[in-house]
Structures are given as C-alpha cells and as structure tokens.
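# Breakdown of the fold
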Amino acid sequence: MAVRKPPITTREYWAPGHAACAGCGCATALRLATKAFSEAMEEKYGDPNAFAIAQATGCMEVVSAVFPYTAWKAPWLHVAFENAAAAASGVEAAWKKVGRKGKILAIGGDGGTADIGMQALSGMLERWHNVVYLMYDNEAYMNTGIQRSSSTPYGAWTTTSPPGKYSIGEDKPKKWVALIAAAHQVPYVATASIGNPFDFVKKMKKAAKVDGPAFVQVQCTCPTGWKSPLEKGVEIARLAIETGVWPLFEIENGDIWNIKIQAPGGGAKVKREGGRVVAIEFKKPIEEYLKLQGRFKHLFKQPEAIDVMREQIKAMWRTIGVEVTLPKPEE
Amino acid sequence: MPIRKVMKANEAAAWAAKLAKPKVIAAFPITPSTLVPEKISEFVADGELDAEFIKVESEHSAISACVGASAAGVRTFTATASQGLALMHEILFIAAGMRLPIVIAVGNRALSAPINIWNDWQDTISERDTGWLQFYAENNQEALDLILIAYKVAENEKVLLPAMVGFDAFILTHTVEPVEIPDQELVDEFLGEYEPKYAYLDPARPVTQGTLAFPAHYMEARYTVWEANENARKVIDEAFAEFEKKFGRKYQKIEEYRTDDAEIIFVTMGSLAGTVKEYVDHLREQGIKVGVAKMTVYRPFPIEEVRALAKKAKVLALLEKNVTFSVGGALFQDFSRALINESEKPKIVDFILGLGGRDVTFKDLDEALAIAQKALNGEAVDEVNWIGLRKEIL
Ligand SMILES: Cc1ncc(C[n+]2csc(CCOP(=O)(O)OP(=O)(O)O)c2C)c(N)n1
Ligand code: SF4
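Now for a description of the structure that goes with this document. (Residues numbered from 1 in each chain as written. Chains lettered and ligands numbered in written order. Predicted model: local features only at pLDDT ≥ 70, side-chain atom pairs only at ≥ 80, totals over all residues. Heavy atoms only, no water.)

## Side note on the side chain of A:Ser228
Summarising the element assignment, A:Ser228 is placed in the loop between helix H8 (223–226) and helix H9 (233–242). Apart from residues no more than four positions distant in its own chain, A:Ser228 is found in contact with A:Cys222, A:Pro223, A:Ile236, A:Leu292 and A:Gln293. (Helix = DSSP H or I, 4+ residues; strand = E, 2+ residues; numbered from the N terminus. Contact = heavy atoms within 4.5 Å.)

Here's what the structure looks like:
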C-alpha cells in the first residue's frame, strides 16, 4: 500500500512541553522554521541536523529554555536581547574554523530585531555570515507585557501605546525590517506568514540553502498581545495577507527592483506587467482582519483612523512598487 | 629559541594572541588598544595566525561573537578599553555566568565624561563584579605573559571563567620595550588545545546553553561562579609555577619589592608599580623603610596574600587609579574586607591619583609618603586622599 509522504518532516526540534501560551502563533512559526531548516540541511549537506540556533531574549526564549528543562532538540544558544545576530556570527565563525558543515539560524522577535538588535543584525548581514535570521514578528514586546515596538502597526493598542482621549493607540507606521535587510544586498530576503505555512516553509528552506546571509520576517499571531481568539491565529494571519495588511514577497541578491510580490488570495485581483505584480485590487476590507483582534477594537469607534491605516498600507505597497486598492466595508 | 623584539604592549598582546592560537577573534577599534586588532589582522593576512577574524560593528557584538564562538567550543580573543569595555558590560556577566573562558586584552583607559583617552584603571575596575578574572601588567613582557597565563587559568576545568588582562594606556600600550617572545612549541605545550567539556554547539550532541533560571536555580548558578573564582586562587598559583618552569619568568599574585623590613608598604598595580619601585629605591637610599606590593592578580582578590602582606607593615599606602565614589578606591574596599577581622592590622591609607593620564611623579609620591608617615607616627590622617589634585582650578 502506498504511504503518502508527509508534507513536511516529522522530525521535531522545537519539542512539545514548551511553555508558550495556548494558540501562540510564534511557537507554530518556530516549529515550522526548524523543520524547514532540517529539510534544507538534509538536502544541502545530507545531514538533517546540521544546524545550530542562536536566539534573542523574548517570549520564544523564555518559554523554551527554563533550566533544567529545554524544548530544544538542536544545539541552541541564548545570550541576550539585542545580540542574536552577533552571537550567531561567532558560532558561524567557529563552525567555519573547525570545519563543521551546516548553517546557523538566528531567531529574534520584532523588539530584538527591529529595535535593540538592529545594529547587530546589520553588522551580521553586512559581514556576510552564513546565517539565516528569522524575525518572528508578533508586532510588540510580548515578553515584557505587550509594549509597542517599531514594528507595531499603526492604531494598535499596547501597554505603552494605549488609546485615550489624546491617543489613537500606536501613532507611527510599522517599520519594515525586511526592506532594511534587503538594503544590505544579501542573497535572500523574504516576508512570510503563519497564515500561509507552505509558503513559509518553502522560504525558510530557500533561505537555509543560499550561501551567505538571509533574512525572513514572519508575521505570527499572539493571542495574548493581540487579544484574539486562541483558535483563530492562522485565520487572522491569512486575513492579514488577503486584506493587504501583510505583503508576501521575496528579494533575491538585494535586487529591490526585482522584488517578487505574491498574489494574496481572498479574491484579490492582481494586475501584472511582464510577469511582475504592479497592482492589486483587494476584495476584503482590512476591517475583517482588524475586527478579530481586541488590540484594534477602539478603532471601530473612530473609523477615520482606519482610513489613515488604509493610506499607510497603500504607501507601504507603493514603496515596493505596487498600487493597491483597499475596499471599505459595505455599509 | 625565544626571540627578543622591541615592541609596544599592544603588539605584545597581539603576539600573545598569536601564540595562543585562538580560532575566533572579534574586535572593534578603540584607543589605546587599536593596534591590537590591527596587528592581529596582519598576522591573519600573512597566514601567521590561522583564525577567523570577525570585524564587528561594535564592542557589544565583539564580545557577543566571542560568547557565540566560545559556546561553540573554540578558543577566542578580543581587545578593547574604556567605553568599549563598558559597552561590553552586559555581556561580560553572561560570559562569566555561562562559564566561557574568553580572554580580553584591555588597554586600561579612563571613562567618559569628560572623554579622555589616557590611563587609569576605572574601566576594568568597574567590571570587577562580573565574575571575570583580572590580571594587571607592569610592563610589556607581562602583558604578553599574563595573556598566556590567563588562557591557562581560564580554561582550567575547575575555573572555566573569562579573564581580562589590563595594561596601562600609552604608558605601556604605546611604549616600546624589549619583549621576549616565547617559542611556539613551548606555548603549545603550556596551553594545549582547548577541549571544552560542556560548551559546544554540536548537532551530534545538542545542548541548550544560556537558559532562564527561576529563583530555585539562579542562586546556585551564581554560586558556581563564586566557587570557580575561589578555585582560581590555586589554579593561578599552579599556572604561575608552570609558567616559571617553562619560560623562566616568575609571577605571583602579589609581588613584593623591598618589603621585608618595611614600615610603610605602597600597594599598587600595573605600570605604576614600576614607578613606585624606583621611588622606593630612592627612599631606601635615605634610610626610609618602605616597600612595594604589586597586585598582579586583582580578581580573584588574593585575600590570604593580602593578610600575609599586612603582617609585614605598619602602614599600607594604597595607590589607586580608580574611584569608588563615596568610599575611596576599589583596593581600599578590598583591603578593608581582607583585614577587618584580623586581630593585628596595619593602618590603611588610601590614595587616589593619576586619573585620566595625570602623570604620577616623585613629588606626588612624596605627598602620599608624608601622609603615610603621619599615620605611622599615630597622627590622624584622612582615610582617602586625592593626590596631585589642582585645587586652584576647582
Ligand atoms: C538590554 C535589555 N533591555 C530590555 C530587556 C527586557 N526585555 C526582555 S524581552 C523584551 C521584549 C521582547 O520583545 P520581542 O523581541 O518583540 O519578542 P517577544 O517577547 O514579543 O517574543 C524586553 C524588552 C532585556 N532583556 N535586555
Ligand atoms: S505572549 Fe504571545 S508570543 Fe508570547 S508565548 Fe504568549 S502567545 Fe506566544
């Protein structure tokens, strides 16, 4: 009898028993990322285990490595909040020197990457270390209790961007670290989402297989910080793609002019010129994404704030060369 | 055959690194130790040192990369000073807590503000509670030797702690002196390969390093750093003895000079010891009974040696290029701790001098001596004295 091959390896590196909240999208992302890495290492080096992880302080670190336990079935190192990329540089250099084949996976949250870890990340990319940096973007500092980061989107409630009489919540547009990483002209940069796990796995594998530095920014949901239903993580992440909030793209060899934008699904109409996506007409309003999350609840009392958000999203797409139309919900 | 070359302490440190054969070096330039990574890059460029040299974007990343490499099981090296060391501060605790035997060469320099590139010991002194071993060199030869010894001690299984070796900014970093470069084969014998027992990132035997510890475990983890520092006392003596046997140069945690019948002993560190030795020779000619004790090892603090020293003198005059605000100098604190419960103890008088590259002259030392002599005669003196202070510009 023919046995169907599972779509991804059954090997586990991020083992059950970690202490993440129920429904944590970031835990899903790490599990998929390490599986993808393992497959890539098997294909590239013939050894599925040929990797080590250097991880920044943050939720995914504190929930996975509480002495005397560990959720990690791969060599794993945590040093501090801002230096996953620098620590990974050191591990990579050591492996190179002792002739150990394999690749280093650096992992950081949005805080440890977009804010305090930005310098170390830039240094690691620029020095061309053979490291994949995975930024799991839950769009706030969750480990310290949901404070805003520069990757927090406009309008979101956090404990340091509370809506109030004089505040709409977070009042700055999201910083897109993937584009900053691409400016280093590294071999591979991508955005991904747990809302499209197959695409995420494909990209992680690609990142793991290039020679040189790669950067992947994956949106992953955090029911605790987003005040969203535990079971709806993947659905919410998919809505982010389908409403235009979260673009999926790849940039290879730093060629920002040749950015590969992916069709979002959800009925969106994509216009291409010479194979290249130049315009997207989204069918689902961003409200569908927003309304499942308590962090945006206050915006529904001020719909003009959601319009500001729409304009910011359009501007972000324009930066990557795509004109988008974002519908308003039908009255 | 060892060769003798005339070189600066920075070059001596680079030579020491070359001889120790670290596999990963990560460094970022800062005056006065810039020449260390420069010289090492030449060694690497010429194939004289077979190492990965990571030209990091900051000292924070330099030490972080060293932690990464050391956690992956290889010998590492870096060099820095002053603000650079301060930028490493957070990771210094982590390196010690993770028991990684990284070695740093530090060109001892003052800290901002005001910005000042010249010598004092405030940079390394400020890191005395990180768990790192600390050695201080009197001259360029010692800078080289102590780095080799630092590796030997740091990598000892009973220790497994990182170590820093300080040598004074400009006074040593930029001053040429003859230095004997030991034979590579002898150094290889002395140090051996670094074979980590616990720290490795090997997919064949995955380990988790740098975990979170709850209150149930944190204190024990900190205690092991304490214990390792305690163990280092003996290991350092053994390393000194072995070094002497192999290379003929003798080191002691506290080196004494003309202390045998001394009534006043000046205690100091680094290059200042050289100045004070000359000063003592000059006093001895006048029949004044003084001696010098040089702290070669500052962490672990050599408590027993300090107690033995204290038995010899009536006054211990501490000459310190650092400040622990509202207390005095760091040595003053440490000496007080070592002697507080001794039944018979000398008077301790603290002198803060030479900060930010201010020259320490015989005139300054005369000033200190006069105060120490008052103390010797039973007169009341200030416990903490700033020497060479230009009161007129205050
Ligand atoms: C130098 C330093 N500053 C602050 C902290 C406290 N801290 C630990 S984790 C964290 C936030 C982590 O946020 P992020 O990187 O987004 O990851 P998440 O917790 O959301 O997974 C902060 C502020 C720290 N550990 N180190
Ligand atoms: S707070 Fe959010 S990111 Fe952190 S473990 Fe819980 S769900 Fe995951």
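After that view of the structure, there is still more to cover.
## Here we look at the interface of chain A and chain B
Size of an interface: often given as the accessible area lost when the parts come together. Contacts between the two partners involve 39 residues from chain A and, on the opposite side, 37 residues from chain B. When chain A packs against chain B, the two sides together hide about 2900 Å² of surface, and 65% of this comes from carbon and sulfur. Considering only the surface of chain A that becomes buried against chain B, A:Phe67, A:Lys97 and A:Arg127 emerge as the three largest contributors, covering 20% of it. Here chain A is connected to chain B by 4 salt bridges. (Buried area = accessible area lost by both parts, 1.4 Å probe. Salt bridge = Lys/Arg side-chain N within 4 Å of Asp/Glu carboxyl O.)

## Focus on unusual backbone geometry
Cis geometry is adopted by the peptide bond preceding B:Pro114, which originates at B:Ala113 and carries an omega value of -5°. Checked against the element boundaries, B:Pro114 lands in the loop between strand S5 (103–108) and helix H5 (122–125). Going from B:Arg299 to B:Pro300, the amide bond is cis rather than trans, its omega being 5°. Its location among the elements puts B:Pro300 in the loop between strand S13 (297–299) and helix H10 (303–310). Not every positive phi belongs to a glycine, and A:Glu139 is a case in point at roughly 65°. With respect to the secondary-structure elements, A:Glu139 resides in the loop between strand S4 (131–137) and strand S5 (163–164). Located in the positive-phi region is B:Arg99, a residue other than glycine, with phi close to 60°. In this fold, B:Arg99 is placed in the loop between helix H4 (82–97) and S5.

## A word on the environment of A:Ala263
Residue and element names in this part refer to chain A. Relative to the helices and strands, alanine 263 is located in the loop between strand S10 (260–261) and strand S11 (269–273). For the pair alanine 263 and phenylalanine 249, spaced 14 residues apart in the sequence, the C-alpha separation amounts to 9.3 Å. Dropping the residues within four chain positions of it, alanine 263 is found in contact with Val270 and Arg272.

## Structural notes on the site of ligand 1
Lining the immediate environment of ligand 1, one finds 18 residues, of which A:Gly111, A:Gly112, A:Tyr136, A:Met142 and A:Asn143 sit closest. With respect to ligand 1, its neighbouring residues span chains A and B. At 2.8 Å, a backbone N or O of A:Gly111 approaches an oxygen atom of ligand 1. A:Asn138 has a polar side-chain atom sitting 3.0 Å from an oxygen atom of ligand 1. For ligand 1, whose free accessible area comes to 590 Å², the fraction covered by protein is 78%. (Near = heavy atom within 4 Å. Polar contact = N/O pair within 3.5 Å; in protein donor to acceptor, adjacent residues only side chain to side chain. Areas by Shrake-Rupley, 256 points an atom, 1.4 Å probe, with all protein chains shown as cover.)

## Details of the layout of surface pockets
Residues and elements named next belong to chain B. Each pocket or cavity is described by its volume, and for the largest pocket that value is around 1300 Å³. Every residue lining the largest pocket is counted, 38 residues in all, and those nearest its centre are Gly97, Met98, Gly210, Thr211 and Ala221. For the lining of the largest pocket, the secondary-structure elements that each account for two or more residues are H4, strand S9 (208–209) and helix H8 (215–247). Sort the elements by how many residues they give to the lining of the largest pocket and H8 lands first, with 7 residues. For the lining of the largest pocket, the class distribution of residues is 21 nonpolar, 10 polar and 7 charged. In terms of lining, the second largest pocket is formed by 24 residues, of which the most central are Asp120, Leu355, Gly356, Arg358 and Trp386. For the lining of the second largest pocket, the per-class residue count stands at 15 nonpolar, 6 polar and 3 charged. (1 Å grid on protein atoms, 1.4 Å probe; cavity = no way out; pocket = protein on both sides within 12 Å on 5 of 7 lines; lining within 4 Å. Points joined across faces, edges and corners; volume = space filled by probe spheres on them. Nonpolar A, V, L, I, M, F, W, Y, C, P; charged D, E, K, R; others polar.)

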